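What the coordinates show
So the chains spell out like this:
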Amino acid sequence: MKRKALNIINWSSLGVSSVGLLLLIIDVGFPYSGVLEVYLHTLLPVLAGILFVLITVASAIAWMLDSSRLRSRLVEALLAIYMLAYVVFSINPHLYPQLSFFTHKFTGYWGCFFIFVIEFSRRTTSLYKLSKNPANLFIFSFALIVLLGCGLLMLPNATYEGIGFVDALFTSTSAVCVTGLIVVDTGSYFTTFGQVVILGLIQVGGIGILTFTSFFGLFFKGGFSIQNQLFLKDVTNTNRLAEVSGIVKTIVAFTLLVELAGGIAIFTQLNKAVLPGFVDRVLFAGFHSISAFCNAGFSTLGNSLYDLNYRFNYSLHLVIAFLFIFGGLGFPIVFNFVNYVRESARTIVARLVKRRIVYRLPIRINLHTRIVLITTALLIVPGTLLFYFFEYDNTLAEHNEFGKWVTAFFGAVTPRTAGFNTVDNAALKLHTIMIILLLMWIGASPGSTGGGIKTTTIFLATLNFLSLARSKDRVEFGKREISNKSIRRAFAIISLSLIFIGLATFMITMFDPHLPFIQVAFECFSAYSTVGLSMGITSSLSTGSRLVIILIMFIGRVGALTLLVGMLRRVQTLRYRYPNEELFIN
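The paragraphs below set out a description of the structure included in this document.

Cut-offs applied
- Residues numbered from 1 in each chain as written.
- Predicted model: local features only at pLDDT ≥ 70, side-chain atom pairs only at ≥ 80, totals over all residues.
- Heavy atoms only, no water.
- Phe/Tyr/Trp six-rings, centres within 6.5 Å; stacked < 30°, edge-to-face > 60°.
- Buried < 20%, exposed > 50% of the residue type's maximum accessible area, 1.4 Å probe, protein only.
- Helix = DSSP H or I, 4+ residues; strand = E, 2+ residues; numbered from the N terminus.
- Expected span 1.5 Å × (residues − 1).
- Contact = heavy atoms within 4.5 Å.
- Salt bridge = Lys/Arg side-chain N within 4 Å of Asp/Glu carboxyl O.
- Polar contact = N/O pair within 3.5 Å; in protein donor to acceptor, adjacent residues only side chain to side chain.
- Axes fitted to C-alpha atoms, helices over the stretch in contact; angles between N-to-C directions.
- Parallel < 35°, antiparallel > 145°, perpendicular 65-115°, else oblique.
- Nonpolar A, V, L, I, M, F, W, Y, C, P; charged D, E, K, R; others polar.

Turning our attention to the packing of aromatic side chains. Going through the model one piece at a time under the given rule, you end up with 15 aromatic pairs. Taking 5.2 Å as the distance between ring centres and 85 degrees as the angle between the ring planes, the aromatic pair formed by Tyr388 and Phe389 counts as edge-to-face. On the basis of relative accessible area, Tyr388 is assigned to the buried category, the value being 7%. On the basis of relative accessible area, Phe389 is assigned to the exposed category, the value being 58%.

Written out as structure tokens, the structure reads:
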């Protein structure tokens, strides 16, 4: 009986907090008269009071059912006190002038938002059992966020002049898929509210809505069920079930810490003469830090970092470059390094303190990490050298020697799904464009915020044809045999990527036959690999071509193979085997 009552109260809290978010959308998204403002600001304290009662009763019942989950109960108790304070100060705003913060309407909105996130996260972990195929829920979550973002960007106060459905859908898809292609200028076309919406879509799209909700669900439910862990094992590409909760925590914590550090680093490199306002510099640093780490490529500058005021700020370029390199390495590598450093530190401390040999389970840099780091280095170093020599007398001509190397380095790493540009892409030489197409197609690493076919895919494909050339009957690397399943997935991903990029290029050349083929191909590679670089044709695309780019961005973000897995019924076990037969290949 108590559990049923608790469930009803939690659902009621979700509904009431949803109404509070609706009021927030009306408040910031629509122009309204003073009469409506009175109604809004009267209704909000009422909702806050209802939420206070619901949370208090729910916490009491939950405590009686299970008094061991102190952490989640404590957070809910603090939220209840927070909402009560808002109600009290809304009734008597002059009670304590030093606590005037609680009289502001956004205090109530923030409370509604946090309560909504808590209750929605609880419901999300329960939704995993509704889908036997993780790919379907993964795809659905991205599609839902794209549509919600589209609706928010179409609100009157999100733009200065209004925006059509296709352009709003394009921008929302580009943000959620962390692509960076734009049909309207982000800085001048969208208001502060619109830019905040875009930033939120980038953050959710970069990490993944399932990761966010799973993190809060883990925190407030006290743990995952076996079914939840099995589901998230597929979503997070984790091999060990015991690592699921640790990876979810690591992903969220690492992301927020790196973005905070990146924002501080960007802030210190900004020129006060260009951005004199402290708040403006903070907003610029925060926006570009999140956009860079998530490999989104969105910028509030009209020409991205090619803007004349930022074109020669090489220290800023390096900060942003390292941000999207870290974001593109992939969270599995972060998790592997965190474990390795933590265990190594514990062993060293134990030996120093206890002065004896400590025997621990060895934590090593695994094969995946080594492959990603090797491939990343093999792409960055030759890419930088080729960009430097090909563009020395062209797009790099305006820079000094140090600036040439920094710009060449930036030009070699940004095609790997980052999307920022420090040169005019339309002025690049043809052979440089071909190098960039290859880098865009390969992209970042698995489990990262970036796109492309991924570094491990191209590495396995290379190992495979080298093994075939040496007449080896299996693929080996680092004293390990690569599984046949991994090889098959790699070639499936390569084939599907070329098919979708080819189809998109073909369709755009039909819709816009006047556009040069190389520019169309560049746009399609950029869209599929969620890069965001363009040769300047995005805003001139027809409606049909924009819809094609929207679709190809979405497919590139969720993964063509993931989409195919979600569409086809999953075969659990094949209980038969046909005779083998060789085919003539060449």
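Its 16 residues give helix α21 (residues 543-558) an end-to-end C-alpha distance of 23 Å, which sits within 8% of 22 Å, the value for a rise of 1.5 Å per residue. Of all 16 residues in α21, 13 are buried, a share of seventy percent or more. Phi turns positive one or two residues past the end of α21, at Gly559, with a value near 100 degrees.

Of note, Phe287 is situated in helix α12 (residues 278-293). Residues Phe287 and Ile202, 85 residues apart in the sequence, show an inter-C-alpha distance of 9.8 Å. Discounting chain neighbours no more than four positions away, the residues touching Phe287 are Thr186, Gln195, Leu199, Phe298, Ser299 and Thr300.

Another point: the environment of Phe420. The residue Phe420 is located in the loop between α16 (401-413) and α17 (430-442) in this model. Here Phe420 falls in the buried class, since its relative accessible area comes to 0%. C-alpha separation for the pair Phe420 and Ala292, spaced 128 residues apart in sequence, amounts to 8.1 Å.

Take the pattern of salt bridges next. Applying the stated criterion to the full structure yields six salt bridges. Ionic pairing is found between Asp27 and Lys105, a salt bridge with its closest N-O pair at 3.2 Å. Here Lys105 lies in helix α4 (residues 105-127) and Asp27 lies in helix α1 (residues 2-29), a separation of 78 residues in the sequence. Both residues of the pair, Asp27 and Lys105, count as buried.

What follows covers helix α18 (residues 455-469). When the terminal C-alpha atoms of α18 are compared, their 21 Å separation across 15 residues agrees well with the 21 Å that a helix rising 1.5 Å per residue should span. Every buried residue belonging to α18 is among Thr455, Thr456, Thr457, Ile458, Phe459, Leu460, Ala461, Leu463, Asn464 and Ser467, and all of these are buried. In this structure, the buried side of α18 is in contact with α15 (367-391), α17, β1 (476-477) and α19 (484-511). At the C-terminal side of α18, Ser471 shows a positive phi close to 60 degrees.

Looking now at the side chain of Thr530. With respect to the secondary-structure elements, Thr530 resides in the loop between α20 (517-528) and α21. Of the polar contacts made by the side chain of Thr530, one reaches the backbone nitrogen of Gly451; its length is 3.3 Å.

With that out of the way, let us pick up the packing of α15 against α18. Geometrically, a packed helix pair is captured by the angle between its two axes and the distance between the axes. Across the interface, α15 lies against α18 with an axial gap of 9 Å and an inter-helix angle of 90 degrees. The angle between the axes of α15 and α18 places the two elements in the roughly perpendicular class. Listed contacts from α18 to His368, Ile371, Val372, Ile374, Thr375, Thr376 and Leu379 of α15 are Thr455, Thr456, Ile458 and Phe459. Here the residues of the contact of α15 with α18 sort into six nonpolar, five polar and no charged.

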